[in-house]
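Breakdown of the fold
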Amino acid sequence: VSLRLFVPRDTTALALGAGAVAEALCAGAADAGFDIELVRNGSRGAFWLEPLVEVERDGRRLGFGPVGAADVPGLLAALAAEPGEHPLYLGEVEQLPWFSGQERLTFSRAGRADPLCIDSYRAQGGFAGWQRALELEPRAIVDAVRESGLRGRGGAAFPAGIKWQTVLDTEAPQKYVVCNADEGDSGTFADRLLLEADPYQLVEGMLIAGRAVGANRGYIYLRSEYPRAREILEQAIRRAAAAGYLGERFTLQLRIGAGAYICGEETSLLDSLEGRRGMVRAKPPLPAIEGLFGAPTLVHNVLTLAAVSTVMAEGAEAYTSHGRGRSRGTLTVQLAGNIRRGGLVELPYGATLRQLVEEFGGGTASGRPARAIQVGGPLGAYLPASQWDTPLDYEAFAEIGAMLGHGGIVVFDDSVDMAQQARFAMVFCAAESCGKCTPCRIGSVRGVELLDNIIAREGARDKLALLRDLCATMEHASLCAMGGLTPAPVRSALDHFPEDFG
């Protein structure tokens, strides 16, 4: 029996036992006299099915999951006879409702092949965007990005084309492209998944960006807690250089983050890249004019730069055909928290939270009713059931005082204490503040004290009024979004779940 099998090697799959499954498959195949080719692919993002084992048969990929090492003998026996009779058999993977209901652009290649194989990347359309960019003048590339409607996927949602135009138009002997891969929001993992499943897409996006704005040097600032992504990126950069994509025209270096949430803010990240403590810089000047080492710098999140390869390969018009209003392309959301089917979902803007949590997430893992959903990371608002039908786009969320951020969706069931969740926001801010501005540094500490008083029912009415005043001060007077957004989860908890505050 000759078999081609796929077992993911990304962080989540390994944490769930994929390494042991791969070893058991190799050992079991040898004992049974099977001839197998084992491909260690990246995850497709359906973490509720990991470890997901796939077998290639008649041009189709049939899945089994979640598979444990103890399931391997029975799995191999089924593969030699009738795969469909195995209890973990899923059928053709891409026809599962979880996948067929998505529209994957950025993650279209995730999980299909060995993430470090350049030949596989090219065979699936990789570097087509770069080849197209080589045929265009820099300004034409910038125009395509602007016309696509691509906005920053890191959270701020600033139009990418405006950033690119600013860097291009700023005269300087040296310019840089910096990728912010310091993915620190709770409940988010899209950057890591892309880096571990399709790293050349980021390399390609940075190549295109460098050509467009006139930069010949790039840096990837990677979260220190991502050792697997670091290993894959280091190899991907070496192989891209050996293949001639990186070198004299554009050099790319990997830098490891300082372990601080605040370094996800672009100016603090630049300080850290320069070898200093990450501290938020006042603006202006903007990084696009005076960024890394005082030079014009294009700073983008992983998903933004990755999307550029799609824009260039398929054209701006094709990309903007997805989405709604001013939110074009696709939104990558990460289902986490108390959720039955956690993982990554990519859909055009316009879907709703209810659709994501119920149709894709399958409801709560506990089986209890969902009570609150936090969107946009630890500084995002807590949304009650009355707001779960809001379309997922930037403007619609802004209208209800919420944000999409990096697409993290964390679900809580009806056992959650929202006063404690509000307290967590202030504790988080106090722990992660860079300390440069008083509203954030001191306000978050006072916020924890006030919430402790409220939870202990010590003058709760007066303390609630004072807490709201403090939130207003932090929102309007903080130097960056760290302090400015901390009031969002606190206010939303106060407004929508007042019964938890006495």
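Please refer to the structure placed before this passage.
Overview of the structure. (Residues numbered from 1 in each chain as written. Predicted model: local features only at pLDDT ≥ 70, side-chain atom pairs only at ≥ 80, totals over all residues. Heavy atoms only, no water.)

Quick look at the sheet that holds strand β7 (residues 217-222)
Sheet strands pair via backbone hydrogen bonds, and the direction of the pair is either parallel or antiparallel. Definition in use: Think of it this way: DSSP has to see at least two bridges between two strands before they count as a pair. The numbering of helices and of strands both runs from the N terminus, where a helix is a DSSP run of H or I of at least 4 residues and a strand a run of E of at least 2. Only the stretch in contact is used when fitting a helix axis, every axis being a line fitted to C-alpha atoms; angles between N-to-C directions are given from 0 to 180 degrees. Pairs of residues are marked as contacts when any of their non-hydrogen atoms sit within 4.5 Å.
If you walk across this open sheet you meet the 4 strands as β8-β7-β6-β9, and the pairing is parallel. Strand pairing shows two members of the sheet lacking a second neighbour, β8 (251-256) and β9 (297-301), which therefore form its edges. On average, each strand axis in the sheet is tilted by 20° relative to the strand beside it, whichever way the strands run. Docked against the sheet, helix α11 (residues 227-242) engages β7 and β8, running at close to 165° with respect to β8.

Description of the packing of helix α10 (residues 199-213) against α11
In plain terms, the rule: Angle categories are assigned with fixed cut-offs, so that under 35 degrees is roughly parallel, over 145 is roughly antiparallel, 65 to 115 is roughly perpendicular, and the rest are oblique. With the far helix as reference, a near helix turned anticlockwise by less than a right angle produces a left-handed crossing, and one turned clockwise produces a right-handed crossing. Ten residues, namely Ala, Val, Leu, Ile, Met, Phe, Trp, Tyr, Cys and Pro, are considered nonpolar, four, namely Asp, Glu, Lys and Arg, are considered charged, and the remaining ones, Gly among them, are considered polar.
Here α10 crosses α11 at 55°, and the two axes come no closer than 10 Å. By the angle between their directions, the pair α10 and α11 is classed as oblique. Read as a crossing pair, α10 and α11 show a hand that is right-handed. Two secondary-structure elements touch here, α10 through Pro199, Tyr200 and Val203 and α11 through Ile232, Leu233, Ala236, Arg239 and Ala240. Among the residues making up the contact of α10 with α11, the classes are represented as 7 nonpolar, no polar and 1 charged.

A few points about the pattern of salt bridges
Condition: When a carboxyl oxygen of Asp or Glu is within 4 Å of a side-chain nitrogen of Lys or Arg, the pair counts as a salt bridge. The classification of residues rests on relative accessible area computed with a 1.4 Å probe and restricted to protein chains. Under 20% of the type maximum is buried, over 50% is exposed, and intermediate values are partly exposed.
This structure, assessed with the given rule, holds 37 salt bridges. The salt bridge partner of Arg354 is Asp389, with a shortest N-O separation of 2.8 Å. Here the residue Arg354 occupies a position in helix α15 (residues 353-360), and Asp389 occupies one in the loop between β15 (382-383) and α16 (394-399), the gap between them amounting to 35 residues. Classification of Asp389 as partly exposed rests on a relative accessible area of 47%. Among the charged side chains, a network of salt bridges with common partners joins Arg44, Glu54, Arg61, Glu94 and Arg112.

Structural notes on the nonpolar core
Selection rule: Side-chain atoms within 4.5 Å link the members of a nonpolar core, which is a set of buried Ala, Val, Leu, Ile, Met, Phe, Trp, Tyr and Cys residues.
Within the largest apolar cluster, 65 residues are counted, with the highest numbers of intra-cluster contacts made by Trp164, Val177, Met206 and Ile220. Top contributing element to this core by residue count: α10, with 9 residues. Discounting residues that sit within four places of it in the chain, Ile220 has contacts with Cys179, Ala181, Leu202, Met206, Leu233, Ile237, Leu252, Gln253, Leu254 and Arg255. In terms of nonpolar packing, the next biggest core, distinct from the first, is built from 45 residues, Ala422, Leu451, Cys480 and Leu494 among them.

Details of the sheet that holds strand β2 (residues 35-39)
If you trace the 5 strands from one edge of the open sheet to the other, you get β2-β1-β3-β4-β5, paired in mixed fashion. A strand with exactly one partner marks an edge of an open sheet, and here the two such strands are β2 and β5 (89-92). Each neighbouring strand pair of the sheet contributes to a mean axis angle of 25°, computed without reference to strand direction. Strand direction decides the pairing type here: strand β3 (residues 53-57) and strand β4 (residues 60-64), joined by 5 bridges, are antiparallel.

Things to note about the packing of aromatic side chains
Applied cut-off: Under the pairing criterion, centres of Phe, Tyr and Trp rings, with the six-membered ring standing for Trp, must be within 6.5 Å; the plane angle then separates stacked pairs below 30 degrees from edge-to-face pairs above 60, leaving the rest tilted. Here, a charge over a ring means that NZ of Lys or CZ of Arg falls within 6 Å of the ring centre while also lying within 35 degrees of the ring normal.
Taken as a whole, this structure holds 13 aromatic pairs when the rule is applied. Ring centres 4.8 Å apart and planes at 80° place the aromatic pair Tyr261 and Phe428 in the edge-to-face group. Linking Tyr261 in the loop between β8 and α12 (266-273) with Phe428 in helix α17 (residues 418-432), this pair joins segments that are 167 residues apart in sequence. Pairing Tyr349 with Tyr394 gives two aromatic rings, centres 5.4 Å apart and planes at 45°, and the pair type is tilted. With Tyr349 in the loop between β13 (343-348) and α15 and Tyr394 in helix α16, this pair connects stretches of sequence that are 45 residues apart. There is no split in this pair, since Tyr349 and Tyr394 are both buried. Grouped by ring-pair contacts, the aromatic residues Tyr121, Phe127, Tyr200 and Tyr245 constitute a single cluster. One Lys or Arg, Arg61, reaches over the ring of Phe6 and ends 3.5 Å from the middle of that ring. One cation-aromatic arrangement involves Arg341 over Trp48; the distance from NZ or CZ to the ring centre is 5.4 Å.

No statement about biological role is implied by the geometric values presented.
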